[in-house]
Amino acid sequence: MMKFFQPMLDWYAGMLAKWSLWVVALLMAVESSILPLPSEVVIPPAAHLAWTDGLHFLGFHLTGWSAQIGLVIAGALGSWVGATVMYWVSRWAGRPFVMRYGRYFFISPEKVAGAERWAAHYGAFGIFAARLLPVVRHLIGIPAGIVRMNFWRYSLYTLVGSAIWCAVLCWLGVKVGAD
């Protein structure tokens, strides 16, 4: 099994060595879009590498806690960028687009209606909670955009929820990586 994953791990380690926090932010932006890239494969390996070897960023060598804080910030900002794109595309395209073409992405009218009810009921706090849940976290911008949730509130709760999620994943990366 390791033969399969080793080339990907080597590529990621090389990208982290060269681009450090920029690649984390980019991959987290991808993770917060509709593309299936789990944050669990982005942040923990970066956290372990940052804790053991440190990261270079803008001419600085970050180690230990400063590297972990940098990862949390890069991850949260990257998540916000991806989530913002999802929000504005959904807000611009709106419900008619999703109702018409959603079936090609396994989004049924019932799912759209359920997501709209959920977003209307839980509002901005629902965004915060959803940013802490795997799978749901990268799609929450769609109903938020469709119901035209206030963008600044959406952004605030997305950033805070994403930062907490990235902090948990950093902690896991350091703890699990030590074993």
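This is a predicted model, so every value here is computed, not measured.

Asker: For this particular structure, what's the right way to read the environment of G75?
Answerer: Within the fold, G75 resides in helix α4 (residues 64–101). What makes G75 buried here is its relative accessible area of 0%. Separated by 63 residues in the primary sequence, G75 and Y12 have C-alpha atoms spaced 15 Å apart. Apart from the residues within four sequence positions on either side, G75 is in contact with V24, M28, I43 and C166.

Asker: What am I meant to see in the side chain of S162 here?
Answerer: Summarising the element assignment, S162 is placed in helix α7 (residues 151–177). A polar atom in the side chain of S162 sits 2.7 Å from the backbone oxygen of T158. Beyond its immediate stretch of four places on either side in the chain, S162 contacts A76, S79, R131 and R137.

Asker: Help me understand the layout of surface pockets in this model?
Answerer: Remark: the empty space left among the atoms is shown by a probe the size of a water molecule rolled over them. Estimates place the volume of the largest pocket at around 470 Å³. Taken together, 16 residues make up the lining of the largest pocket; nearest its centre are K111, A115, L139, I142 and P143. Counted by class, the lining of the largest pocket contains 14 nonpolar, no polar and two charged residues. Its volume calculated, the second largest pocket comes out at about 320 Å³. Lining the second largest pocket, in full, are F5, M8, L9, W11, Y12, L27, L37, V41, V42 and P45. Its residues assigned to classes, the lining of the second largest pocket shows ten nonpolar, no polar and no charged.

The rules behind the values
Residues numbered from 1 in each chain as written. Predicted model: local features only at pLDDT ≥ 70, side-chain atom pairs only at ≥ 80, totals over all residues. Heavy atoms only, no water. Helix = DSSP H or I, 4+ residues; strand = E, 2+ residues; numbered from the N terminus. Buried < 20%, exposed > 50% of the residue type's maximum accessible area, 1.4 Å probe, protein only. Contact = heavy atoms within 4.5 Å. Polar contact = N/O pair within 3.5 Å; in protein donor to acceptor, adjacent residues only side chain to side chain. 1 Å grid on protein atoms, 1.4 Å probe; cavity = no way out; pocket = protein on both sides within 12 Å on 5 of 7 lines; lining within 4 Å. Points joined across faces, edges and corners; volume = space filled by probe spheres on them. Nonpolar A, V, L, I, M, F, W, Y, C, P; charged D, E, K, R; others polar.

None of the figures reported here should be taken as evidence of function without further support.
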